[in-house]
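# Observations on chain architecture
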Amino acid sequence: MKSIVIGSGFGGIAAALRLKAKGHDVTLVEKHNDLGGRARVFERNGFKFDGGPTVITAPHLIYELFEMFNKDPSNYIKIKPLDVWYRFVFEDGFSFDYSGNENSMRDQIEKISKKDLNGYIKLVDFTKRIFDKGFTELSDVPFDKPLFMMKQLPSLFSLKSYRSVYSLVSSYVENEKLRRMLSMHPLLVGGNPFTTTSIYGLILYLEKKWGIHYSMGGTGAIIKGLEKLMLEEKIEIIKNKDDSTPVFKNSAEATSADAPPPKPLKIATNCGICVISTRIAKNAPMIEPITIAITIHCKSKSVPRNTVATIAISIPKDAIILPFLAVFGWLSIFRPYINDTADSK
């Protein structure tokens, strides 16, 4: 099976490597001159900057990509656990070292607000419930059936996902500094703690479960290590690919209206794996039609043979955005209209 992966972020690279491990002939296509997607590195005035994520919360998912090929990750990347995850400094000069050391966390919380210590412990326990449902149970499950999605609604409400992260935290602790520190996690993915659904509270427990790690040399060093692995495993990498030129030229046979359709071609995009079951026109630009097909003909069983493609989407489990959040997206729209006072329990 010939497979093409479009986009070289962590999800795209993981999809390419997993397809290769299953015996596919894989090509990775990236429009920029380097790999990484949001994990790309850029330089300014002699300094290097991570363009996106700077810390790693589940390093075993990265190690797994190397181990699939019986490679030792330490020969490619160096990931180190951090003792202090975040240092919060407030406008009055007060500072708080946020870490995985629970004794240190509880000592600092007691110094701020002794009465909030029990609330903090209960909050951690509650975020474990969110983590168990959202990550452990559903992170690698495709949400491709409406009935399955509807079955998750009771869990949504029992986990208080109609509240914002800040509101959920505020229902357990009263001190404003603690509220701000313990509700900051949506900021890691570009969310607003005051409006983002409390499902994102699972990040609080995810950190405690696996810790916070840093890639020596920056996140870009992980991308370089993964690129080295892909080249070793004979994954073709095409860079500087825009939407105006074809990824490959199809055979002359495929341009004939009477010719039988070619074997299925799998194309993995940033949002999943697409199965192209119709013939591809010679020299046709690949990226734009694929995007349209994903939007219009997603998993359709009734697409005419003369349309672009019939597509099935399956989000790689290594992707930063968890697929189960798709069914919860409506909460971000309707949550502001739900009575959601910060102090209510």
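Residues numbered from 1 in each chain as written. Predicted model: local features only at pLDDT ≥ 70, side-chain atom pairs only at ≥ 80, totals over all residues. Heavy atoms only, no water.

## What about the pattern of salt bridges?
Under the defined criterion, the tally for this structure stands at 13 salt bridges. We note a salt bridge from Arg-18 to Glu-64, for which the minimum N-O separation is 2.4 Å. One end of the pair, Arg-18, is in helix 1 (residues 10-21); the other, Glu-64, is in helix 2 (residues 59-67), with 46 residues separating them in the sequence. (Salt bridge = Lys/Arg side-chain N within 4 Å of Asp/Glu carboxyl O. Helix = DSSP H or I, 4+ residues; strand = E, 2+ residues; numbered from the N terminus.)

## Quick word on the pairing of strand 2 (residues 25-29)
The element strand 2 is extensively covered by neighbouring structure, given that 4 of its 5 residues are classed as buried. Of the pairings in the sheet, the one linking strand 1 (residues 2-6) to strand 2 comprises 5 bridges and is parallel in character. The residue bridging Ile-6 from the neighbouring strand is Val-29, located in strand 2. After leaving strand 1, the chain enters helix 1 and then returns to the sheet as strand 2, a path that is right-handed. In this sheet, strand 9 (residues 236-238) lies alongside strand 2 in parallel orientation, the contact comprising 3 bridges. By the bridge assignment for strand 9, Thr-27 is matched with Glu-236. (Buried < 20%, exposed > 50% of the residue type's maximum accessible area, 1.4 Å probe, protein only. Pairing = 2+ DSSP bridges. Right-handed = clockwise from strand over helix to strand, strands pointing away.)

## A short note on the environment of Val-5
If you trace the backbone, Val-5 turns up in strand 1. Note on Val-5: relative accessible area 0%, which makes it buried. For the pair formed by Val-5 and Ala-16, sequence separation is 11 residues and the distance between their alpha carbons is 6.1 Å.

## Remarks on a nonpolar patch on the surface
There is a patch of nonpolar side chains on the surface, built from Phe-42, Phe-47 and Phe-49 and spanning about 310 Å² of accessible area. Relative to the helices and strands, Phe-47 resides in strand 4 (residues 47-50). For Phe-47, a relative accessible area of 56% puts it in the exposed group. (Patch = residues over 30% accessible without salt bridge, like charges linked within 9 Å, V, L, I, M, F, W, Y side chains within 5 Å. Areas by Shrake-Rupley, 256 points an atom, 1.4 Å probe, with all protein chains shown as cover.)

## Quick look at empty space enclosed by the protein
Taken as a whole, this structure holds 1 cavity of 30 Å³ or more when the rule is applied. Quantified by volume, the largest cavity comes out at close to 30 Å³. Lining the largest cavity, in full, are Leu-123, Val-165, Leu-168, Val-169, Leu-182, His-185, Gly-201 and Leu-204. Residue contributions to the lining of the largest cavity peak at 3 residues, all from helix 7 (residues 165-170). (1 Å grid on protein atoms, 1.4 Å probe; cavity = no way out; pocket = protein on both sides within 12 Å on 5 of 7 lines; lining within 4 Å. Points joined across faces, edges and corners; volume = space filled by probe spheres on them.)

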